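Next come the chains, spelled out residue by residue.
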Amino acid sequence: VTVPHAQLSSAALEALLEEFITREGTDYGLVEHTLEQKKTSVHAQLERGHVLIVFDPESESVTLLRREELASAAAEGDSYVEDDSCPRAEPDPVR
């Protein structure tokens, strides 16, 4: 189930972004970026519609997913994809 980011409170969105970014300890390349820079980058991707917030009722979990990966996830029967949602994604490096 896709959840529009505008429907979340500022505090909930902030917590979701922070949890997602720190979830896997992702390396952002040669240049080190602050947590705030990473949150700004992911938030911009949400604003542009490149990344979506997806709730999986089966596991009762929330994640951020890239729109362009929808077709492969749907073909694989990913539990996050029920209709026009998209599969799990890693945050992009801050540029």
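Here the structure is a predicted model, which is why all the values come from computation and not from measurement. (Residues numbered from 1 in each chain as written. Predicted model: local features only at pLDDT ≥ 70, side-chain atom pairs only at ≥ 80, totals over all residues. Heavy atoms only, no water.)

Undergrad: Run through the overall build of the chain, naming residues and quoting values.
TA: Looking only at helices and strands, the chain has three helices and three strands in total. Looking at the chain as a whole, 35% of its 95 residues are labelled buried. Sequence separation of at least 24 residues holds for 50% of the intrachain contacts in the chain that already meet a minimum separation of 6. For the chain, the accessible area works out to roughly 5700 Å², and carbon and sulfur atoms hold 52% of it. (Helix = DSSP H or I, 4+ residues; strand = E, 2+ residues; numbered from the N terminus. Buried < 20%, exposed > 50% of the residue type's maximum accessible area, 1.4 Å probe, protein only. Contact = heavy atoms within 4.5 Å. Areas by Shrake-Rupley, 256 points an atom, 1.4 Å probe, with all protein chains shown as cover.)

Undergrad: Before we move on, could you go through helix α1 (residues 10–23) and cite the residues and values that matter?
TA: Spanning 14 residues, α1 covers 20 Å between terminal C-alpha atoms, matching the ideal 20 Å at 1.5 Å per step. Taken together, the buried positions of α1 are Leu13, Leu16, Leu17, Phe20 and Ile21. Down the axis of α1, the buried set is contained in an arc of 125 degrees. They therefore lie on one face. (Expected span 1.5 Å × (residues − 1). Arc of directions from axis to C-beta.)

Undergrad: Quick one: what's the story with the pairing of strand β3 (residues 61–66), residue by residue and with numbers?
TA: Bridge count between strand β2 (residues 51–56) and β3: six bridges; the pairing is antiparallel. Counted as the bridge partner of Val54 is Thr63 from β3. Hairpin connection of β2 to β3: four residues between the antiparallel strands, including Glu60 at a positive phi of 55 degrees. (Pairing = 2+ DSSP bridges.)

Undergrad: A description of the confidence of the model for the chain should follow, citing residues and the corresponding values.
TA: Across the chain, the average pLDDT comes to 78, with 68% of residues at 70 or higher. Looking over the chain, one finds the lowest element-wise mean pLDDT in helix α3 (residues 70–76), namely 62, and the highest in helix α2 (residues 35–48), namely 94. In the model, residues 82–91 has pLDDT below 50 throughout and makes 45 contacts with residues more than four positions away in sequence or in other chains. (pLDDT = per-residue confidence, 0-100.)

Undergrad: Go over α2 with me, naming the residues and quoting the values.
TA: For α2, with 14 residues, the first-to-last C-alpha span of 20 Å sits near the 20 Å given by 1.5 Å per residue. Those residues of α2 lying buried are Lys38, Lys39, Ser41, Val42, Gln45 and Leu46. The buried residues of α2 all sit within an arc of 160 degrees when viewed along its axis, so they share a single face. Relative to its buried face, α2 has exposed residues pointing more than 90 degrees away, namely Thr40 and Glu47. Tucked into the core, α2 has its buried residues touching α1, β2 and β3.

Undergrad: Before we move on, can you summarise the nonpolar core with the specific residues and values?
TA: Membership of the largest hydrophobic core is limited to ten residues, which are Leu13, Leu16, Leu17, Phe20, Ile21, Val42, Leu46, Val51, Ile53 and Leu64. When residues of this core are traced back to their parent elements, those giving at least two are α1, α2 and β2. At five residues, the largest contribution of residues to this core is made by α1. Non-local contacts of Leu46, meaning those with residues more than four positions away in its chain, are made with His5, Leu13, Leu17, Val51, Leu52, Ile53 and Leu64. (Core = buried A, V, L, I, M, F, W, Y, C linked by side-chain atoms within 4.5 Å.)

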